[in-house]
Amino acid sequence: MTQPTPTVERNDARHRYEILVDGKRAGLTAYLDREDQRVFYHTEVDDAYAGQGLASRLVQEALTDVRAAGKRIVPVCPYVAKFLERHGEFADITDEVTPDVLEWLDSRLG
Ligand SMILES: CC(C)(COP(=O)(O)OP(=O)(O)OC[C@H]1O[C@@H](n2cnc3c(N)ncnc32)[C@H](O)[C@@H]1OP(=O)(O)O)[C@@H](O)C(=O)NCCC(=O)NCCS
């Protein structure tokens, strides 16, 4: 039996990228835009799909989309931060997490 290929979609209305397996949502990475920065603050994969590399695939495609949009990445989410440590190809479009960003994020998320 062949495994279904996961697909990644950007959901602008909900400010997140979602990974779908067999048409079902298996995980998401959530962001908010701050001028040209896309601030990633939370990533999750449903327990049923854990440990299959889905978060890695999701974040890889999300960050590739950020580049295509001409935006920059701010990795508040620890999973995205860890991913970036291993994937130097995004270093040129990554900004550090500053107190200003965290304060802005807090005010936006309530
Ligand atoms: C973190 C999470 C998204 C990983 O999803 P996944 O599809 O199982 O992840 P992958 O298979 O792509 O990668 C697993 C890797 O994630 C790492 N990881 C697990 N939890 C992590 C966390 N909280 N922060 C950073 N990295 C984490 C693991 O160490 C593993 O690394 P390894 O490849 O070196 O062993 C998932 O476990 C989850 O939803 N956890 C609960 C929410 C959470 O803690 N989110 C992260 C902070 S916002």
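Residues numbered from 1 in each chain as written. Predicted model: local features only at pLDDT ≥ 70, side-chain atom pairs only at ≥ 80, totals over all residues.

K.L.:
Looking at this model, I keep getting lost on the sheet that holds strand β4 (residues 37–45). Mind explaining?
P.N.:
Each strand in a sheet pairs with another by means of backbone hydrogen bonds, the pair being arranged parallel or else antiparallel. Reading across from one edge, β1-β2-β3-β4-β5 is the order of the five strands in this open sheet, with mixed pairing throughout. Where the open sheet ends on each side, the last strands, each with one partner, are β1 (7–11) and β5 (72–75). Neighbouring strand axes in the sheet, compared pairwise and without regard to direction, differ in orientation by 30° on average. Bridge count between strand β2 (residues 16–21) and strand β3 (residues 24–34): six bridges; the pairing is antiparallel. (Pairing = 2+ DSSP bridges. Helix = DSSP H or I, 4+ residues; strand = E, 2+ residues; numbered from the N terminus. Axes fitted to C-alpha atoms, helices over the stretch in contact; angles between N-to-C directions.)

K.L.:
For this particular structure, what's the right way to read the nonpolar core?
P.N.:
Buried together is how nonpolar side chains tend to be arranged in soluble globular proteins. Among the nonpolar cores identified, the biggest contains 21 residues, and F40, L58, V59 and A62 are the most heavily contacted of them. For this core, the secondary structure elements donating two or more residues are β2, β3, β4, α1 (54–68), β5 and α2 (78–86). By residue number, the principal contributor to this core is α1, which donates six residues. Not counting the four nearest positions on each side in its chain, L58 is found in contact with V8, Y17, I19, G27 and T29. (Core = buried A, V, L, I, M, F, W, Y, C linked by C-beta atoms within 7 Å. Buried ≥ 20, exposed ≤ 12 C-beta atoms within 10 Å, placed from the backbone. Contact = placed C-beta atoms within 7 Å.)

Note that all results are geometric; they support no functional claim without further evidence.
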